[in-house]
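# What the coordinates show
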Amino acid sequence: MSLGHTILGLLESHPRHGYDLKRAYDEQFGRTRSLAYGQVYSTLSRLLKNGLVEVEGVEPGDGPERKRYAITEAGVTDVADWLARPESPEPYLQNTLYTKVVLAVLTGRRPYEVLDVQRTEHLRQMRELTRRKDDGDLADQLICDHALFHLEADLRWLELTSARLDELAREVRPA
């Protein structure tokens, strides 16, 4: 996810202070990992330098002056362009799990155990996400569904690979 574009999108509704941006980000996107203040201010600094935001006002505070940031027309255009671009699907053509299975075959270990341990972990995480989804609001439900669908695809891959381990062993073991 592009933090810069996310901050620009949050600024479209109205100008905000860095503190307000962090709070809005955490409410909408940071449910499991909140955004650090340093990330907010370094991103705002970069956006300001690139002409995508401007300082609309400065107010005195208990500590340093509080700057209120507003999105510029260039920032609005940048967000619109970003939203219109499709995200590149990540095909996971080289992943750690595949590597573990092949190495288990090559080293004479038991690849079925690698697959079983991973299946158990996937199912555990699916149960945890399902509980979160059941207890959550719509945002939690949507993000959990996204993760659950990916985990289901991984489980299908685990089953397929398990069924094809003998064939894999013939192909990867040296003759």
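Everything below is about the structure shown above.
Report follows, based on the coordinates. All of these numbers come straight from a predicted model, not from anything done at the bench. (Residues numbered from 1 in each chain as written. Predicted model: local features only at pLDDT ≥ 70, side-chain atom pairs only at ≥ 80, totals over all residues. Heavy atoms only, no water.)

For the rest of this paragraph, the subject is the overall build of the chain. Summing up its helical and strand segments, the chain has 8 helices and 3 strands in all. In sequence order, the secondary structure elements of the chain are arranged as α-β-α-α-β-β-α-α-α-α-α. Relative to its full complement of 175 residues, the chain shows a buried share of 31%. Long-range pairs, those at least 24 residues apart, make up 53% of the contacts in the chain with a sequence separation of at least 6. In the form shown here, the chain has an accessible surface area of approximately 12,000 Å², with 53% of it arising from carbon and sulfur atoms. (Helix = DSSP H or I, 4+ residues; strand = E, 2+ residues; numbered from the N terminus. Buried < 20%, exposed > 50% of the residue type's maximum accessible area, 1.4 Å probe, protein only. Contact = heavy atoms within 4.5 Å. Areas by Shrake-Rupley, 256 points an atom, 1.4 Å probe, with all protein chains shown as cover.)

What follows covers the environment of Asp154. Assignment of secondary structure puts Asp154 in helix H7 (residues 138-163). On the basis of relative accessibility, which here comes to 35%, the residue Asp154 falls in the partly exposed class.

The geometry of helix H1 (residues 3-13) relative to helix H2 (residues 18-28) is characterised by a closest axis approach of 10 Å and an angle of 105° between their N-to-C directions. By the angle between their directions, the pair H1 and H2 is classed as roughly perpendicular. Counting all contacts with H1, which are made through Leu3, Thr6, Ile7, Leu10 and Leu11, the residues of H2 involved are Leu21, Ala24 and Tyr25. By residue class, the composition of the contact of H1 with H2 is 7 nonpolar, 1 polar and no charged. (Axes fitted to C-alpha atoms, helices over the stretch in contact; angles between N-to-C directions. Parallel < 35°, antiparallel > 145°, perpendicular 65-115°, else oblique. Nonpolar A, V, L, I, M, F, W, Y, C, P; charged D, E, K, R; others polar.)

Moving on, we get to the pairing of strand E2 (residues 53-59). In this sheet, strand E3 (residues 66-71) lies alongside E2 in antiparallel orientation, the contact comprising 6 bridges. Bridging across to E3, Gly57 finds its partner in Arg68. A loop of 6 residues connects E2 with E3, the two strands running antiparallel in sequence. (Pairing = 2+ DSSP bridges.)

In this section: the nonpolar core. If you look at the biggest cluster of nonpolar residues, it comprises 17 residues, and the most contacted ones within it are Ile7, Leu8, Leu11, Leu21, Leu44, Leu47 and Val53. Going through the elements one at a time, H1, H2, helix H3 (37-49) and E3 are the ones with two or more residues in this core. Take this core: its biggest share by element is 5 residues, from H1. In contact with Leu8, other than residues within four places in its own chain, are Leu47, Leu52, Val53, Ile71, Gly75, Asp78 and Val79. With 15 residues, the next largest nonpolar core counts Leu115, Leu129, Leu158 and Leu168 among its residues. (Core = buried A, V, L, I, M, F, W, Y, C linked by side-chain atoms within 4.5 Å.)

Strand order in the open sheet made by the 3 strands is E1-E3-E2, with antiparallel pairing throughout. Strand pairing shows two members of the sheet lacking a second neighbour, strand E1 (16-17) and E2, which therefore form its edges. Looking at chain direction, E1 and E3 are connected through 2 bridges and run antiparallel. Directly across from Arg16, in E3, lies its bridge partner Tyr69. In the packing of H1 onto the sheet, contacts are made with E1, E2 and E3, and the angle to E3 comes to roughly 90°.

The subject of this paragraph is the environment of Arg66. Within the element layout of this structure, Arg66 appears in strand E3. If we ignore the near neighbours within four places in the chain, the residues touching Arg66 are His17, Asp20, Gly57, Val58 and Glu59. Polar contacts involving the side chain of Arg66 include one to the side chain of His17, which spans 2.9 Å. (Polar contact = N/O pair within 3.5 Å; in protein donor to acceptor, adjacent residues only side chain to side chain.)

Here we take up the side chain of His5. Structurally, the position occupied by His5 is in helix H1. Within the local environment of His5, its side chain forms a polar contact with the side chain of Asp78, the two groups lying 2.9 Å apart. Among all residues touching His5, those that are not within four sequence positions of it are Asp78, Val79, Trp82 and Arg85.

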